[in-house]
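# Architecture and fold: a report
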Amino acid sequence: EAQVTQNPRYLITVTGKKLTVTCSQNMNHEYMSWYRQDPGLGLRQIYYSMNVEVTDKGDVPEGYKVSRKEKRNFPLILESPSPNQTSLYFCASRRGGQEAQYFGPGTRLLVL
Amino acid sequence: GNSVTQMEGPVTLSEEAFLTINCTYTATGYPSLFWYVQYPGEGLQLLLKATKADDKGSNKGFEATYRKETTSFHLEKGSVQVSDSAVYFCALSDRGGSNYKLTFGKGTLLTVNP
């Protein structure tokens, strides 16, 4: 089954404790992105990747890092989480040349 | 920059009622337009899309027409079901560069009562 998976689905952590949210897709898509969803703001792009070892900032990259060492994986790293990063995070992927994006189930993060 | 404005929710309807969720956009160039749906506890799923003016996207009884003259992409369904209860997002894809970033509206919560 074609899908985007994220782990963990739920995470509670404390300020400053480094964490990683994993994202994996099995569709051999070139492009992957991270979005955060906040009430009243919709979804906003954090980072995106056009292929292995090629990443770039989206609209709200501050406080986040990403890496793309393998085509199928695109982890999101919060090196020193803060309460304003409490949010619902979505990973997405798409095939090169196509615009429709496929989303993972989301990771709900609470930073205390 | 690009932006999407969709009608504020929540929207509450009875089963078999007619649904319209308004969506207007501002963009440079000629974006593609999408409706995504988010069921409770799940990720976003592509509902329908349109890539050029006057295109009509349709899926599962939902329809939306790309209106360039009014910069709109309103979502409609003739007879909603309880299972349509979800949050609906209008979005546009910026085809400038290679990102094809999606710009989303704030979402509209639809609740359909039996």
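Summarised in this report is the structure supplied together with it. What you see is a predicted model; the values in this text were computed from it and never measured.

Along chain A, the regular secondary structure elements total zero helices and eleven strands. Listed by position from the N terminus, the elements making up chain A come as β-β-β-β-β-β-β-β-β-β-β. In summary, chain A has a C-alpha radius of gyration of 13 Å against a globular reference of 13 Å for 112 residues, a match within 12%. Once the C-alpha set of chain A is aligned to its principal axes, its extents read approximately 40 × 30 × 25 Å. For chain A, with 112 residues in total, the buried portion stands at 50%. Accessible area for chain A stands at about 5,300 Å²; split by element, carbon and sulfur atoms hold 50% of it.

Moving on to the interface of chain A and chain B. Taken together, the contact between chain A and chain B spans 23 residues of the former and 21 residues of the latter. In this assembly, chain A packs against chain B so that about 1,700 Å² is buried in total across both faces, 51% of it on carbon and sulfur atoms. Counting the surface chain A buries against chain B, the share from its top three residues, A:Leu43, A:Glu99 and A:Phe103, is 33%. Applying the counting rule to chain A against chain B returns one salt bridge.

Before going further, it helps to examine the sheet that holds strand E8 (residues 76-78) of chain A. Residues and elements named next belong to chain A. Reading across from one edge, E1-E3-E8-E7 is the order of the four strands in this open sheet, with antiparallel pairing throughout. Every other strand in the sheet has two partners, leaving strand E1 (4-7) and strand E7 (65-66) as the edge strands with one partner each. Bridge count for strand E3 (residues 19-25) against E8 is three bridges, and the pairing is antiparallel. Across the sheet, Thr20 pairs through a bridge with Ile77, a residue of E8.

For A:Gln37, the position within the fold is in strand E4 (residues 31-38). For A:Gln37, a relative accessible area of 14% corresponds to the buried category. Only 3.2 Å separates the side chain of A:Gln37 from the side chain of B:Gln38, close enough to count as a polar contact.

Tallied over the full model, the rule gives two disulfides over all chains. Disulfide partner of A:Cys23: A:Cys91, at an S-S distance of 1.8 Å. Taking the sign of the S-S torsion, about -70 degrees here, the bridge from A:Cys23 to A:Cys91 comes out left-handed. Here A:Cys23, found in strand E3, pairs with A:Cys91, found in strand E9 (residues 87-94); they are 68 residues apart in sequence, far enough to count as distant. Neither A:Cys23 nor A:Cys91 differs from the other in exposure class; each is buried. Linked covalently through their sulfurs, B:Cys23 and B:Cys90 form a disulfide whose S-S length is 1.9 Å. As the torsion about the S-S bond is roughly -70 degrees, the B:Cys23-B:Cys90 disulfide counts as left-handed. With B:Cys23 in strand E4 (residues 23-26) and B:Cys90 in strand E10 (residues 86-93), this pair connects stretches of sequence that are 67 residues apart. B:Cys90 carries the same exposure label as B:Cys23, and that label is buried.

Basis of the calculations
- Residues numbered from 1 in each chain as written.
- Chains lettered and ligands numbered in written order.
- Predicted model: local features only at pLDDT ≥ 70, side-chain atom pairs only at ≥ 80, totals over all residues.
- Heavy atoms only, no water.
- Helix = DSSP H or I, 4+ residues; strand = E, 2+ residues; numbered from the N terminus.
- Rg over C-alpha atoms; globule rule 2.2 N^0.38 Å.
- Buried < 20%, exposed > 50% of the residue type's maximum accessible area, 1.4 Å probe, protein only.
- Areas by Shrake-Rupley, 256 points an atom, 1.4 Å probe, with all protein chains shown as cover.
- Contact = heavy atoms within 4.5 Å.
- Buried area = accessible area lost by both parts, 1.4 Å probe.
- Salt bridge = Lys/Arg side-chain N within 4 Å of Asp/Glu carboxyl O.
- Pairing = 2+ DSSP bridges.
- Polar contact = N/O pair within 3.5 Å; in protein donor to acceptor, adjacent residues only side chain to side chain.
- Disulfide = S-S within 2.5 Å.

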